[in-house]
Amino acid sequence: MKMSVLLRAAPVLIGALLMASAPMAGPAAPVQSAAPPVLPGYWQYTTSAVGQRDTETKCVRPSEINRFFGGLSTRHYRCTYPTREVGNGNARFEGSCVSRSGRQVRVRLNGTYQPEQFSFNGGASIRAAGIWSPYIPATITARRLAAQCPANAEYF
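Cut-offs used in this document
Residues numbered from 1 in each chain as written. Predicted model: local features only at pLDDT ≥ 70, side-chain atom pairs only at ≥ 80, totals over all residues. Heavy atoms only, no water. Helix = DSSP H or I, 4+ residues; strand = E, 2+ residues; numbered from the N terminus. Buried < 20%, exposed > 50% of the residue type's maximum accessible area, 1.4 Å probe, protein only. Areas by Shrake-Rupley, 256 points an atom, 1.4 Å probe, with all protein chains shown as cover. Polar contact = N/O pair within 3.5 Å; in protein donor to acceptor, adjacent residues only side chain to side chain. Contact = heavy atoms within 4.5 Å. Phe/Tyr/Trp six-rings, centres within 6.5 Å; stacked < 30°, edge-to-face > 60°. Lys NZ or Arg CZ within 6 Å of the ring centre and 35° of its normal. pLDDT = per-residue confidence, 0-100. Core = buried A, V, L, I, M, F, W, Y, C linked by side-chain atoms within 4.5 Å. Disulfide = S-S within 2.5 Å. Salt bridge = Lys/Arg side-chain N within 4 Å of Asp/Glu carboxyl O.

Asker: For the overall build of the chain, give the residues involved together with the corresponding values.
Answerer: When helices and strands are tallied, the chain shows two helices and eight strands. Across the chain, helices and strands are ordered from the amino to the carboxyl terminus as α-β-β-α-β-β-β-β-β-β. Out of the 156 residues belonging to the chain, those deemed buried represent 42%. Carbon together with sulfur atoms contributes 51% to the accessible area of the chain, which is approximately 8,300 Å² in total.

Written as structure tokens, this is what we have:
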């Protein structure tokens, strides 16, 4: 696969990898504090990679907080994070993902969080034709808009 094709697909892939939509797969270190790192409620998050930016809003239930904040897998990619450090307002995730078709991606993210916001910087490296691409820079920022979700909110 040519690098130009990878770069065109990168924003969608990285955005999907950066925001969770399925539970984390595989072993990972537990969150270091008893309280969840962020609060449930109505959240807005923005992913940005390779000049493309995407913003979404979702309602996150208390039972979905760990998946929302630290799962970092998608419906299309099964990810494992041997490195998952969350505590004292800082978080770092490093791992790998595999798609159903066998496409491999390495992911690195780190940043800060508070109960009502978080910001991660990092990137993803895509394996194509047996070669790993350089890490493609990406960011995700999120903020809690409200404790209660609007009636028409989409759930996470």
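Asker: Just give me the short version of the side chain of T46, but keep the residues and values in it.
Answerer: With respect to the helices, strands and loops of the structure, T46 is situated in strand 1 (residues 41-49). On the basis of relative accessible area, T46 is assigned to the buried category, the value being 9%. Of the polar contacts made by the side chain of T46, one reaches the side chain of T55; its length is 2.8 Å. Sequence-distant contacts of T46, that is, excluding residues within four places in its chain, are made with R53, D54, T55, T139, I140 and T141.

Asker: Summarise the packing of aromatic side chains; cite the residues concerned and give the values.
Answerer: Any two aromatic rings considered together are summarised by their centre-to-centre distance and by the angle between their planes. Following the criterion strictly, the structure yields four aromatic pairs and no others. With centroids separated by 5.7 Å and ring planes inclined at 40°, the aromatic side chains of W43 and F118 adopt a geometry described as tilted. Remark: F118 occurs in strand 6 (residues 117-128) and W43 occurs in strand 1; sequence separation between them is 75 residues. W43 gets classed as buried once you look at its relative accessible area, which sits at 0%. Measuring from centroid to centroid gives 5.1 Å for F118 and F120, while their planes differ by 35°, and the two rings are tilted. Within the aromatic cluster, the residues linked to one another by ring pairs are W43, Y81, F93, F118 and F120. When the ring centre of W132 is taken as origin, the NZ or CZ atom of R106, which lies over that ring, is 3.8 Å away. Residue placement shows R108 over the ring face of Y135; its charged tip is 4.0 Å from the ring centre.

Asker: Go over the confidence of the model for the chain with me, naming the residues and quoting the values.
Answerer: Regions with low pLDDT carry predicted coordinates that are not meant to be interpreted in detail. In this model, the chain carries a mean pLDDT of 77, and residues with pLDDT of at least 70 account for 73%. Per-residue pLDDT stays below 50 along residues 1-33; that stretch engages in 84 contacts with residues further than four places along the chain or on separate chains.

Asker: Give me unusual backbone geometry: which residues, what numbers.
Answerer: Of note in the backbone geometry, N88 takes a positive phi value of approximately 55° without being a glycine. Under the relative-accessibility criterion, N88 is labelled exposed at 80%.

Asker: Just give me the short version of the nonpolar core, but keep the residues and values in it.
Answerer: Soluble globular proteins tend to pack their nonpolar side chains together in the buried interior. F68, F69, F93, F118 and F120 are the most contacted members of the largest nonpolar core, which has 26 residues in total. Contributing elements (two or more residues each) for this core: strand 1, helix 2 (65-71), strand 3 (77-87), strand 4 (90-99), strand 5 (104-114), strand 6 and strand 8 (136-146). The contact partners of F69, leaving out residues within four places of it in the chain, are P37, V38, V86, A91, F93, Y113, F118 and F120.

Asker: Please provide a residue-by-residue account of the state of the cysteines, values included.
Answerer: Within the structure shown, the criterion is met by one disulfide. Linked covalently through their sulfurs, C59 and C149 form a disulfide whose S-S length is 1.9 Å. With the S-S bond torsion at 85°, the cross-link from C59 to C149 turns out right-handed. Of the two residues, C59 is situated in strand 2 (residues 52-60) and C149 in the segment after strand 8; the sequence distance between them amounts to 90 residues. Among the residues examined, C149 registers a relative accessible area of 23% and is labelled partly exposed.

Asker: Any details on the pattern of salt bridges? Residues and values, ideally.
Answerer: Applying the stated criterion across every chain, the model contains six salt bridges. Residue K58 is joined to E154 by a salt bridge in which the shortest nitrogen-to-oxygen separation is 2.4 Å. Here E154 lies in the segment after strand 8 and K58 lies in strand 2, a separation of 96 residues in the sequence. With relative accessibility at 49%, the residue E154 sits in the partly exposed group. Across the pair E85 and R92 runs a salt bridge whose closest N-O atoms are separated by 2.9 Å. Within the structure, one salt-bridge network assembled from shared partners comprises E56, K58 and E154.

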